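# Understanding the architecture of this molecule
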Amino acid sequence: MEDEFSREKSMHDLTTLGGLEHEIQQFLKSELVPYVESHHGLLEFRSFADGVVRVHLDGACRHCSAQAITLKAGIERSLRKRFLEVDRVVLV
């Protein structure tokens, strides 16, 4: 049976995760989306779970030969530098 402390900790973890997901979305919108849009691309946040940020690239980025570089060297590197909880970024 779950004790009161465990239940409170679980609720705290959910709140923290929701806050972190929101911070990641805000960081993408303010720091990375403008760059992608300057190249006629579209970057959309989809989800964050277990250290993995899932994003969607569209517009000019959809079939761009530099898509993998943008994802790993740009988006992933920036997110990992800013958020210790982020391990990797994947396209969906």
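All values derive from a computational prediction rather than experimental measurement.

## Digging into helix α2 (residues 67–82)
Residue pairs three or four apart in sequence face the same way in an α-helix, which turns once every 3.6 residues. The end-to-end C-alpha distance of α2 is 21 Å, a good match for the 22 Å that 16 residues give at a rise of 1.5 Å each. Of all bends in α2, the biggest is about 30 degrees, found at Glu76. Buried within α2 we find Gln67, Leu71, Ile75, Glu76 and Leu79.

## Description of the pairing of strand β2 (residues 52–59)
Strand direction decides the pairing type here: strand β1 (residues 41–49) and β2, joined by 8 bridges, are antiparallel. In the strand pairing of β2, Leu43 is matched with Leu57. Two successive antiparallel strands, β1 and β2, enclose a turn made up of 2 residues, where Asp50 displays a positive phi of approximately 50 degrees. Here 4 bridges tie β2 to strand β3 (residues 88–91), and the two strands are oriented parallel to one another. Note that in β3 the partner of Val53 across the bridge is Val89. In terms of handedness, the path from β2 via α2 over to β3 forms a crossover that is right-handed.

## Comments concerning the environment of Ile24
Its place among the elements puts Ile24 in helix α1 (residues 4–38). The spatial distance from the C-alpha of Ile24 to the C-alpha of Phe83 is 7.9 Å, given a sequence separation of 59 residues.

## Points about the confidence of the model for the chain
Here the chain shows a mean pLDDT of 86. Residues at 70 or above account for 82%. In the model, residues 1–15 has pLDDT below 50 throughout and makes 2 contacts with residues more than four positions away in sequence or in other chains.

## What to know about the environment of Arg88
Looking at where Arg88 falls in the secondary structure, it is placed in strand β3. Measuring from C-alpha to C-alpha, the distance between Arg88 and Leu71 comes to 9.8 Å, with 17 residues separating the pair along the chain. Those residues in contact with Arg88, other than ones at most four positions away along the chain, are Gly51, Val52, Val53 and Glu76.

## Considerations on the nonpolar core
Grouped together as the largest cluster of nonpolar side chains are 20 residues, with contacts concentrated most on Ile24, Leu28, Leu43, Val53, Ile75 and Leu79. Secondary structure elements with two or more residues in this core: α1, β1, β2 and α2. When residues of this core are assigned to their parent elements, the largest contribution, 7 residues, is made by α1. Not counting the four nearest positions on each side in its chain, Leu79 is found in contact with Ile24, Phe27, Leu28, Val53, Val86 and Val89.

The rules behind these values
Residues numbered from 1 in each chain as written. Predicted model: local features only at pLDDT ≥ 70, side-chain atom pairs only at ≥ 80, totals over all residues. Heavy atoms only, no water. Helix = DSSP H or I, 4+ residues; strand = E, 2+ residues; numbered from the N terminus. Expected span 1.5 Å × (residues − 1). Bend = angle between axes of the 7 residues up to and from the residue. Buried < 20%, exposed > 50% of the residue type's maximum accessible area, 1.4 Å probe, protein only. Pairing = 2+ DSSP bridges. Right-handed = clockwise from strand over helix to strand, strands pointing away. pLDDT = per-residue confidence, 0-100. Contact = heavy atoms within 4.5 Å. Core = buried A, V, L, I, M, F, W, Y, C linked by side-chain atoms within 4.5 Å.

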